[in-house]
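Here's the letter readout for the chains.
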Amino acid sequence: MIEIKIQSKALNISNEMKKISKLNADGATVTFMGSVRDLEYENLETLEIEYFPKMAKKVLNKTAKDAYKNWNLSRCIIIHRYGKLKIGDPIVLIITSSPHRKEAFRANEYIIDFLKTNAPFWKKENTEKKSYWVSQKN
Amino acid sequence: MIEIKIQSKALNISNEMKKISKLNADGATVTFMGSVRDLEYENLETLEIEYFPKMAKKVLNKTAKDAYKNWNLSRCIIIHRYGKLKIGDPIVLIITSSPHRKEAFRANEYIIDFLKTNAPFWKKENTEKKSYWVSQKN
Amino acid sequence: MKLLYFAKIREVINKSEEILELPQNINTTGDLIKFLTELDDIYKNAFSDKNFFIACDEEVVEMDFLIKDTKEIAIFPPVTGG
Amino acid sequence: MKLLYFAKIREVINKSEEILELPQNINTTGDLIKFLTELDDIYKNAFSDKNFFIACDEEVVEMDFLIKDTKEIAIFPPVTGG
């Protein structure tokens, strides 16, 4: 089962986990959640996420499919938010299930790594004084 | 923040995630959940987990502390169930948070690997006909 | 040709998309970038740091990609999602 | 000495714990296992596959561990949690 969502509405982690818990005879489930962090030297007011809808959907779908096949997953969920977020808000949620934990871990990490360097989303940090486009790092 | 629980009552994943979501300005959160799987050639009726309470608590605490220190975590939660479980029930939940995802992944995998080979828990599979103590693999 | 711009590049060009009639001699993505930078300083500024990607019909391509069958070209800075 | 048994070993010995008076010449964990296997076939059966661990006061130790300061010794099969 593959599920991809790109949404502006808040990410309801516990709802997603409730769904998982209901059908979790998979052995191992790994979840990655990335959230908005505060800045080091300034206060973040909002984080804005812009994206290229058609391509983002394509890239996330392909990433999920590759992971699903390569690591023999039984489930793969990717949810990514766009729009204006606040500190602590989840940005991305990746859930991978497999009979074996190594596969679930490897697949999950592959997806977030690939997504960070290939999925067309861009972050802008708005502080009280200024706005900055986040630059790519790793 | 380190939290260790060993409990017979059902593991409420979505509640744990709700707690996390409320204070998740950590950047990266990785969750591992291990659940009861069905057997390959027979139907599992229950999975019984026996444990050595005093030592289990000690081992989980030490594992969490080591991971917390080595990967610079901001949070580490380990919950392990004992008693009689059914197919699909979560057995173990490990949550690791860190500013950086690599640390959260590495710490989480370290904890589950260490726990599987060092924490004094034992699984017994009860089918309609027989009971088997699970043997260690990896 | 339909062109899409995202993030910082969108801000510098001050457009999220536009349709441009391209001259006959524009064959590759590299030709397109050269054409735009010569068209107006606003594009020159947007592409000056060379830190951008080009996607033809949602596939990232190199500067020698032949665009004759492309419907839509997106130009954007390195992605920062996740 | 207080002895604790878990899982399959508990089942074979048919006790989860017991207190045994150990002879003076039992110095190491290895001595203890030898003493028990000679005491009764039930222990011999429990330890016959050599696939067990010994924890002295909740720390896993080798067969040459000196037990004179130990309060509690647990014997159990390889763990299978997680």
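No experiment lies behind these values; they were computed from the predicted model shown.

A. How the structure looks around the overall build of chain C. When you go through chain C residue by residue, the secondary structure sums to three helices and five strands. When the elements of chain C are put in sequence order from the N terminus, they spell out β-α-β-α-α-β-β-β. Expected size for 82 residues packed as a compact globule is a radius of gyration near 12 Å; at 12 Å, chain C falls within 12% of this value. Counting all 82 residues of chain C, 48% fall into the buried class. For chain C, restricting intrachain contacts to residue pairs at least 6 apart in sequence, the fraction spanning at least 24 positions comes to 52%. In the form shown here, chain C has an accessible surface area of approximately 4600 Å², with 48% of it arising from carbon and sulfur atoms. Where the 9 positive side-chain charges of chain C centre and where its 16 negative ones centre are 3 Å apart.

B. The pairing of strand β6 (residues 90–98) of chain B, seen in detail. Residue and element names in this part refer to chain B. Taking burial as the measure, the nine residues of β6 include nine buried ones, the bulk of the element. Sheet topology note: the strand β2 (residues 28–35)/β6 ladder contains eight bridges and is antiparallel. Its bridge partner being in β6, M33 is matched across the sheet by L93. Relative to β6, strand β4 (residues 75–81) runs antiparallel, the two sharing six bridges. Directly across from R75, in β6, lies its bridge partner S97.

C. Summary view of the nonpolar core. One finds I78 of chain A, I78 of chain B, F76 of chain C together with F76 of chain D to be the most contacted residues of the largest nonpolar core, which totals 83 residues. With residues near it in sequence (within four places) discarded, I78 of chain B still touches E3, I4, K5, L60, A64, L93, I94, I111 and L115 of chain B. Core analysis: the second largest hydrophobic core is formed by 21 residues, I9, F52, I54 and V61 of chain D among them.

D. Region of interest: the pairing of strand β5 (residues 72–76) of chain D. Residues and elements named next belong to chain D. Of all five residues making up β5, five are buried, and the element is well covered by its neighbours. Burial along β5 is two-sided: the face carrying E72, A74 and F76 and the face carrying I73 and I75 are both buried. As paired strands, strand β1 (residues 2–5) and β5 are joined by four bridges and run parallel to one another. Counterpart to K2 in the pairing with β5 is E72.

E. Looking closely at the relation of the copies chain A and chain B. The transform that puts chain A on chain B rotates by 180 degrees and translates by 0.0 Å along the axis, for an RMSD of 0.0 Å. Considering both components of the superposition, the chain copies are consistent with a two-fold axis. The share of interface residues of chain A whose copies in chain B are also at the interface is 100%, consistent with both copies meeting through the same surface.

F. Expanded view of the packing of helix α3 (residues 101–118) of chain A against helix α3 (residues 101–118) of chain B. At a minimum axis distance of 12 Å, the contact between α3 of chain A and α3 of chain B shows a crossing angle of 180 degrees. Between α3 of chain A and α3 of chain B, the angle is such that the two are roughly antiparallel. Here α3 of chain A contributes R101, K102, F105, R106, N108, E109, I112, D113 and K116 of chain A to the contact with α3 of chain B, which in turn contributes R101, K102, F105, R106, N108, E109, I112, D113 and K116 of chain B. Grouping the amino acids of the contact of α3 of chain A with α3 of chain B by side-chain chemistry returns four nonpolar, two polar and 12 charged.

G. Quick peek at the packing of helix α2 (residues 53–70) of chain B against α3 of chain B. All names here are of chain B. Two elements in contact, α2 and α3, have axes whose closest approach is 10 Å; the angle formed by their N-to-C orientations is 155 degrees. Our classification of the angle between α2 and α3 gives roughly antiparallel. Relative to α3, the crossing made by α2 is right-handed. Counted together, M55, V59, L60, T63, D66 and A67 of α2 and A107, Y110, I111, F114, L115 and N118 of α3 form the full contact between these two elements. Across the contact of α2 with α3, the residue classes tally to nine nonpolar, two polar and one charged.

H. Just the interface of chain D and chain B, in detail. Listed as interface residues are 20 residues of chain D and, on the opposing side, 24 residues of chain B. Both sides together, the interface formed by chain D and chain B hides about 1800 Å², and carbon and sulfur atoms give 59% of it. Counting the contacts that link chain D with chain B gives five salt bridges. Among the ionic pairs, E58 of chain D bridges to K54 of chain B, the shortest N-O distance being 3.5 Å. The interface formed by chain D and chain B holds 15 residue pairs in polar contact (both at pLDDT 80 or more) in total. Only β1, α1 (7–13) and β5 of chain D provide two or more residues apiece to the side of chain D that touches chain B.

I. Seen up close, the packing of aromatic side chains. Taken as a whole and assessed by the stated rule, the structure comprises 26 aromatic pairs over all chains. Grouped by ring-pair contacts, the aromatic residues F52 and W122 of chain A together with F6, F53 and F76 of chain C constitute a single cluster.

J. The interface of chain A and chain B, seen in detail. Counting residues at the interface gives 36 residues for chain A and 36 residues for chain B. Contact between chain A and chain B buries roughly 2900 Å² in total, counting both sides, with carbon and sulfur atoms accounting for 52%. Where chain A packs against chain B, one counts eight salt bridges. Here K102 of chain B makes a salt bridge to D113 of chain A, at a shortest N to O gap of 2.9 Å. If you look at where chain A meets chain B, you find 13 residue pairs in polar contact (both at pLDDT 80 or more). At the level of elements, α1 (13–22), β2 (28–35) and α3 of chain A are the ones that each hand at least two residues to the side of chain A that touches chain B. Looking at the side of chain A that touches chain B element by element, the count peaks at nine residues for α3 of chain A.

K. Highlighting the arrangement of the chains. For the three pairs of chains in contact, the largest share of contacts goes to chains A and B. Across the gap from chain B to chain C, with no contact made, the nearest C-alpha atoms are 10 Å apart. Chain A makes no contact with chain D; the smallest distance between any of their C-alpha atoms is 10 Å.

L. Unusual backbone geometry, seen in detail. Phi angles above zero are rare outside glycine, and D57 of chain C is one such case at about 45 degrees. Position of D57 of chain C relative to the elements: it lies in the loop between β3 (53–56) and β4 (59–61).

Definitions and limits used
- Residues numbered from 1 in each chain as written.
- Chains lettered and ligands numbered in written order.
- Predicted model: local features only at pLDDT ≥ 70, side-chain atom pairs only at ≥ 80, totals over all residues.
- Heavy atoms only, no water.
- Helix = DSSP H or I, 4+ residues; strand = E, 2+ residues; numbered from the N terminus.
- Rg over C-alpha atoms; globule rule 2.2 N^0.38 Å.
- Buried < 20%, exposed > 50% of the residue type's maximum accessible area, 1.4 Å probe, protein only.
- Contact = heavy atoms within 4.5 Å.
- Areas by Shrake-Rupley, 256 points an atom, 1.4 Å probe, with all protein chains shown as cover.
- Lys, Arg positive; Asp, Glu negative; His and termini not counted.
- Charge placed at Lys NZ, Arg CZ, Asp CG, Glu CD.
- Pairing = 2+ DSSP bridges.
- Core = buried A, V, L, I, M, F, W, Y, C linked by side-chain atoms within 4.5 Å.
- Least-squares fit on C-alpha atoms with pLDDT ≥ 70 in both.
- Axes fitted to C-alpha atoms, helices over the stretch in contact; angles between N-to-C directions.
- Parallel < 35°, antiparallel > 145°, perpendicular 65-115°, else oblique.
- Nonpolar A, V, L, I, M, F, W, Y, C, P; charged D, E, K, R; others polar.
- Left-handed = near helix turned anticlockwise from the far one by under 90°.
- Buried area = accessible area lost by both parts, 1.4 Å probe.
- Salt bridge = Lys/Arg side-chain N within 4 Å of Asp/Glu carboxyl O.
- Polar contact = N/O pair within 3.5 Å; in protein donor to acceptor, adjacent residues only side chain to side chain.
- Phe/Tyr/Trp six-rings, centres within 6.5 Å; stacked < 30°, edge-to-face > 60°.

It is worth stressing that arrangement in space is one thing and function is another; only the former is reported here.
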